[in-house]
Amino acid sequence: MERWKKNMWVLWIGVFFTSASYSMVIPFLPLFLLQIGVHHHTEIWAGVLFSAAFLAGAISSPYWGLLADKYGRKPMIIRAGFSLFFIYTLTAFVNNPYELLLLRIMQGLLTGFIPGAIALIGTNTPKKNVGYALAMISTATASGGIIGPLLGGGISTLVGNRWSFASGGLLVLFSTILVIFMVTEDNFTPSTTRGSVINDIKTAGANRPFMIVLLLTMVTVCSLMTIEPVLPLYIKKLGGSVQNISFLAGVIFSLPGIASILFGAFWGKVADKIGFQTVLIIGLCGGGLGTLAQILFHGIWGFSIVRFMFGIFFCAVFPALNGLVVKLTPDDFRGRAFGLNQTANQIGGMLGPVLGGFIGGIFTIHIVFLVTGIFLLIAMGIAWTSNWENTSPKRQGKFRSTSTSV
């Protein structure tokens, strides 16, 4: 097996288990709060716990990206893996919400396993196969996101939430050991630039095509997360008297992820043939129209089918954005580029639920779908008018000189 393929499959397994460990524990945080005695303002505590990690991650991601360019992406994956292992394990022993909040902040500050894996794949894969490899990693994230809640719910039911956290930690530890012994980072040239997050932000600002990608990442994640607070309520409304509504909501939640598993590799191969920009436009168009179409269906089956169709197109978006990060940045800035991309991701993830909850609280749930669909179509328009296909880091003299002059 070629080395890039071996890296891809080993990291696929690692990302799958890391994603599964995250979704094993995070969705159950509100229930865990009740278990440790938080019976007043539980919703507020849950919101703070969710947002804290996003905010901390947005702050720390550029710093880890800087170190990745200096010491390599593999060491950063290993660092993040061990950090997650200790954080999840310690979470199993917390007794009050303040301890839980501290660990969530640490999780945001110290982790970055999946972004590190994406950066390593993007740098150590032949250009003709980058789209396919990034799409495969995306399917690993989606697969783990589907399996994780089932594992976490089952373990919590059998032995309690604390063991669920501990089990998640063991899964990340296994993933980290795999990376240590089976992943090889060949294509790495240490950056000779003095480290400075502020200067890295200035460097990125000089690369307008890359900044547009960061903007689209933030808008896309924000749009996706806008629906999260209201979707369970909408599914409950559509389900009416259907029994086991929680199980039904879980199934509908997982439909885009299932679509990603089935079609993610296909979009990756298409991107390698026709370009990341074209695939991104198709994904955003399908995602925007699919979101708007969900307004039209008032039955559970029709809504489910449209959610699945939405997932078929939307699963093309994030691998295409990651591919554009690879295309538009030089090798010696690649780790910092993905660090900044992760910051944009975290900011979108932090703003989305707040925006969705605010709109859903004032207007109807249909307005949330309308706003989200319009956001995605605006993002498609920005992607359409961008000139990425004729841009490469070698032609960005200003970008190069800025990144090496610090």
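Scroll up to find the structure.
Novice: Mind showing me how you'd approach the side chain of Glu185 here?
Specialist: Its place among the elements puts Glu185 in the loop between α8 (161-182) and α9 (197-205). With relative accessibility at 18%, the residue Glu185 sits in the buried group. A distance of 3.1 Å separates a polar atom in the side chain of Glu185 from the backbone nitrogen of Arg73. In terms of polar contacts, Glu185 uses its side chain to reach the backbone amide nitrogen of Lys74, at 3.0 Å.

Novice: I tried to follow the packing of helix α13 (residues 276-293) against helix α17 (residues 365-385) on my own but got confused; where do I start?
Specialist: Each packed pair of helices is defined by two parameters, the angle between the axes and the distance between the axes. Contact geometry of α13 with α17 gives a least axis separation of 8 Å together with a crossing angle of 160°. Classified by the angle between their axes, α13 and α17 sit roughly antiparallel to one another. Between α13 and α17 lies a crossing whose hand is left-handed. Judged by residue contacts, Gln277, Leu280, Ile281, Leu284, Cys285, Gly287, Gly288, Leu289, Thr291 and Leu292 of α13 engage Phe369, Leu370, Thr372, Gly373, Ile374, Leu376, Leu377, Ala379, Met380, Ala383 and Trp384 from α17. Considered class by class, the residues forming the contact of α13 with α17 number 15 nonpolar, six polar and no charged.

Novice: Where do I start with the nonpolar core in this structure?
Specialist: Side chains of a nonpolar character, in soluble globular proteins, are inclined to be buried together. If you look at the biggest cluster of nonpolar residues, it comprises 62 residues, and the most contacted ones within it are Leu11, Leu216, Leu280, Leu284 and Trp388. Membership of the second largest hydrophobic core comes to 24 residues, among which are Ile36, Val38, Tyr88 and Leu101.

Novice: Teacher, can you tell me more about the pattern of salt bridges here?
Specialist: Note on pairing: side chains with opposite charge can pair once their charged atoms come close. Taken as a whole and judged by the stated rule, the model has four salt bridges. Between Asp69 and Arg73 there is a salt bridge whose closest N-O contact spans 2.7 Å. Arg73 gets classed as buried once you look at its relative accessible area, which sits at 2%. Salt bridges here are not isolated pairs; linked through shared partners, they connect Asp69, Arg73, Glu185 and Arg336.

The rules behind the values
Residues numbered from 1 in each chain as written. Predicted model: local features only at pLDDT ≥ 70, side-chain atom pairs only at ≥ 80, totals over all residues. Heavy atoms only, no water. Helix = DSSP H or I, 4+ residues; strand = E, 2+ residues; numbered from the N terminus. Buried < 20%, exposed > 50% of the residue type's maximum accessible area, 1.4 Å probe, protein only. Polar contact = N/O pair within 3.5 Å; in protein donor to acceptor, adjacent residues only side chain to side chain. Axes fitted to C-alpha atoms, helices over the stretch in contact; angles between N-to-C directions. Parallel < 35°, antiparallel > 145°, perpendicular 65-115°, else oblique. Left-handed = near helix turned anticlockwise from the far one by under 90°. Contact = heavy atoms within 4.5 Å. Nonpolar A, V, L, I, M, F, W, Y, C, P; charged D, E, K, R; others polar. Core = buried A, V, L, I, M, F, W, Y, C linked by side-chain atoms within 4.5 Å. Salt bridge = Lys/Arg side-chain N within 4 Å of Asp/Glu carboxyl O.

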